[in-house]
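# Understanding the architecture of this molecule
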Amino acid sequence: MVSIKEKMAYGLGDTASNIVFQTVMLFLTFFYTDIFGISPAFVGTMFLVVRIIDAITDPLMGAFADRTQSKHGKFRPYLLWFALPFGVISVLAFTTPDFSETGKMIYAFVTYTLLMMVYTAINIPYCALGASLTDDPKERVSVQTYRFIFAFIGGVLVSACTLPLVEYFGQGEKAKGYQLTILAMSILGVMMFLVCFYGTKERVIPPKEQTGTYLQNFKTLWQNDQWRVLALATLCLMSGFVLRTTLAIYYIKYYLNMPDSISLIITLGMFGSIIGCIVANQLAKKFCKVKLYITIQLLAATLCAASFFVPAEQAILAIALYVLWNMVFNTGTPLLWAKMADTVDYGQWKTGIRTTGMVYSSIVFFIKLGIAVGGATAGWLLAGYGYQADVAQTDATKAGLLLSFSLFPAIGSVLVAVIMRWYMLNNDKITTITQELKHAPE
């Protein structure tokens, strides 16, 4: 059993990660377009290009972590080594030097690329650590439930405090406000990573005889058919999710015409997410995790699409749907990450090789690819519908914004529900695999 204290320490690592992750999803596009003065089309393209770099760095980081040998374990040391660089580069990404338009684009590209690279270096080992805390399938859901409750606490921190802190620190200078706000949050994040490092322990150890080249590990990973299903589902999931969350600020500010309520509404959505994570652990004890996850995605798609039919005048209904969508959608989040740990076990059971780091790094790559696709699509759609920063939008732009915020993201959840029909690691199958691995000769 993993103690509550250790689960909380592990969860604080994702609170730290989400200080940047949620800021990128909720505010970075808006920061680039409305504060730094970069075109939305370039921002969208930049997000996508950086994923090409991630295609190389993510799996390499996972394979490297699998080979790490230290007195602290395979994955925990990276929390110690990269906490401070993660904080420093986060601040640089939200710094606005007085460059030319081209200079701003270059600076944004370089700092955003560095941010994603250091995020890879600390977040992939952190994610893999979750599969090393316990091999109990039920405990894994509990660990991930704690993790994402704390993750969304980080989200609440970002959504509730970012804009007020920007005003407080900036005193009318929004660029300065963003920089100092991220500085304060980064200091807090570094401290949380250190608590996570000192408060957790790796227990699930790969077979001692496990060897192989990087290429062989990639081939082993590809043999894991359930990993392939999960990777494709994750790409569709995050593409739709990030498209909606990126456009949430624009939807609230320009469609609902409630610019002063952005922080409040997004924070309410985060509280909905926390409730969803709490509910997930209880539901997983009563229902098949696979069937439950499919049902959650279909319900999330329905709630997302329903926003299209709500006129701007019915703001309370629109906000209620947004909060309820966050709750339902994120009921599936701990289940998804528990499935990743199950997929690691399945791969070891099938091939004899345990590639924890590579499974998580590759899934994280598809998460970030989904973030890029969703963010890029948001930028392109804003440009395509004629969005102009910080001015009243035309009716055509508002109509396009509504469509992009509601119906388009719903497609992602529907695709996930369809893809997950090929995911076979239900509760009974995982229990059998776990028992066979425990009794396998070393």
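In case you missed it, the structure is sitting above this.
Attention here is on the structure that accompanies the text. (Residues numbered from 1 in each chain as written. Predicted model: local features only at pLDDT ≥ 70, side-chain atom pairs only at ≥ 80, totals over all residues. Heavy atoms only, no water.)

## A closer look at the overall build of the protein
Let me state the cut-off plainly: The helix and strand labels rest on DSSP assignments: H or I over at least four residues marks a helix, E over at least two residues marks a strand, and numbering proceeds from the N terminus. Three labels apply to residues, based on accessible area from a 1.4 Å probe with only protein chains included: buried if under 20% of the type maximum, exposed if over 50%, partly exposed otherwise in between. Note on contacts: a residue pair qualifies if any of its non-hydrogen atoms lie within 4.5 Å across the two residues. Values of accessible area rely on a 1.4 Å probe in the Shrake-Rupley scheme; residue burial ignores everything except the protein chains shown. Counted as positive: Lys and Arg. Counted as negative: Asp and Glu, with His and the chain ends omitted from the count. Where a charge lies is defined by one atom per residue type: Lys uses NZ, Arg uses CZ, Asp uses CG and Glu uses CD.
The secondary structure content of the protein amounts to 15 helices and zero strands. For the protein, the C-alpha atoms occupy an extent of roughly 70 × 45 × 40 Å along the three principal directions. Buried residues in the protein amount to 60% of all 442 residues. In the protein, of all internal contacts separated by at least 6 residues, the share reaching a separation of at least 24 is 85%. When the accessible area of the protein is evaluated, it comes to approximately 17,600 Å², of which 68% is carbon and sulfur surface. Charged side chains of the protein number 32 positive and 25 negative; the gap between the two group centres comes to 7 Å.

## Concerning the pattern of salt bridges
Our working rule: When a carboxyl oxygen of Asp or Glu is within 4 Å of a side-chain nitrogen of Lys or Arg, the pair counts as a salt bridge.
This model, assessed by the stated rule, comprises eight salt bridges. We note a salt bridge from E6 to R203, for which the minimum N-O separation is 2.6 Å. Taken together, the positions of E6 in helix α1 (residues 4–35) and R203 in the loop between α6 (174–199) and α7 (214–222) put the pair 197 residues apart, joining distant regions of the chain. Of the residues examined, E6 reaches a relative accessible area of 6% and is grouped as buried.

## Some thoughts on helix α2 (residues 40–67)
As a reminder of what qualifies: By definition here, a helix of n residues has an expected span of 1.5 Å times n minus one. Here the bend at a residue means the angle between the axes of two seven-residue stretches, the one that ends at it and the one that starts at it.
For α2, built from 28 residues, the straight-helix expectation of 40 Å at 1.5 Å per residue is met to within 8% by its first-to-last C-alpha distance of 40 Å. Where α2 bends most, at D54, the angle is about 35 degrees.

## Points about the environment of D428
Note that D428 resides in helix α15 (residues 427–438). Here D428 falls in the exposed class, since its relative accessible area comes to 62%. Taking C-alpha positions, D428 is 9.0 Å from C288, a pair spaced 140 residues apart along the chain.

## Digging into the packing of helix α5 (residues 137–170) against α6
For clarity, the threshold we go by: To obtain an axis, a line is fitted to C-alpha atoms, over the contacting stretch when the element is a helix, and the angle between two such axes runs from 0 to 180 degrees between their N-to-C directions. Our angle categories are set so that under 35 degrees counts as roughly parallel, over 145 as roughly antiparallel, 65 to 115 as roughly perpendicular, and the remainder as oblique. By definition, turning the near helix anticlockwise from the far helix through less than a right angle yields a left-handed crossing, and turning it clockwise yields a right-handed one. Throughout this entry, Asp, Glu, Lys and Arg are counted as charged residues, while Ala, Val, Leu, Ile, Met, Phe, Trp, Tyr, Cys and Pro are counted as nonpolar. The remaining residues, Gly among them, count as polar.
Running from N to C, α5 and α6 point in directions that differ by 130 degrees, and their axes come no closer than 7 Å. As judged from the angle between their axes, α5 and α6 are oblique. The handedness of the crossing between α5 and α6 is right-handed. The segment α5 lies against α6, with L157, V158, C161, T162, L163, L165, V166, E167, F169 and G170 engaging K174, K176, G177, Y178, L180, T181, A184, M185 and L188. For the contact of α5 with α6, a count of residues per class yields twelve nonpolar, four polar and three charged.

## Details of the packing of aromatic side chains
Centre-to-centre distance and the angle between the planes together describe a pair of aromatic rings. This is how the line gets drawn: For Phe, Tyr and Trp, where Trp contributes only its six-membered ring, two rings pair if their centres lie within 6.5 Å, and the inter-plane angle classes them as stacked under 30 degrees, edge-to-face over 60, or tilted in between.
The full count for this structure, using the stated rule, is 32 aromatic pairs. Ring centres of Y32 and F47 lie 6.5 Å apart, and the angle between their planes is 45 degrees; on these two criteria the pair is classed as tilted. Within this pair, whereas Y32 is found in helix α1, its partner F47 is found in helix α2, the two being separated by 15 residues in sequence. Using a relative accessible area of 3% as the deciding quantity, one classes F47 as buried.

## Thoughts on the packing of helix α3 (residues 77–93) against helix α4 (residues 101–132)
Here α3 crosses α4 at 155 degrees, and the two axes come no closer than 9 Å. What the angle tells us is that α3 and α4 run roughly antiparallel. Considering how the two elements wind past one another, α3 and α4 form a crossing that is left-handed. Here Y78, L79, F82, A83, P85, F86, I89, S90, L92 and A93 of α3 lie close against α4, whose contacting residues are Y107, T111, L114, L115, V118, Y119, A121, I122, P125, Y126 and L129. Split into classes, the residues belonging to the contact of α3 with α4 amount to 19 nonpolar, two polar and no charged.

## Focus on unusual backbone geometry
Only a minority of non-glycine residues have a phi that is not negative, and only a minority of peptide bonds are not trans. Here the phi dihedral of Q171 falls at roughly 50 degrees; this positive angle occurs in a residue that is not glycine. Along the chain, Q171 falls in the loop between α5 and α6. Judged by its relative accessible area of 64%, Q171 is exposed. In the Ramachandran plot, N257 falls in the positive-phi region, its phi being about 60 degrees despite a non-glycine side chain. Looking at the secondary structure, you find N257 in the loop between α8 (225–255) and α9 (262–286). Its relative accessible area of 60% is what places N257 among the exposed residues.

## Observations concerning the environment of S39
Note on placement: S39 falls in the loop between α1 and α2. We classify S39 as partly exposed; its relative accessible area is 30%. C-alpha separation for the pair S39 and W380, spaced 341 residues apart in sequence, amounts to 10.0 Å.

## Focus on the environment of A318
Looking at where A318 falls in the secondary structure, it is placed in helix α11 (residues 315–331). Residue A318 is classed as buried on the basis of its relative accessible area of 3%. Separated by 82 residues in sequence, A318 and C236 place their C-alpha atoms 24 Å apart. Excluding residues within four positions of it along the chain, A318 makes contact with Y251, L256 and V310.

## Focus on α15
The following threshold applies: Arc, as used here, means the arc of the directions from the helix axis to the C-beta atoms.
Compared with an ideal rise of 1.5 Å per residue, which puts twelve residues at 16 Å, α15 spans 17 Å between its outermost C-alpha atoms and is within 8% of the ideal. All of the buried residues along α15 are I430, I433 and T434. Down the axis of α15, the sector holding all buried residues measures 100 degrees, keeping them to one side. Buried residues along α15 sit in contact with α5 and α12 (333–351).

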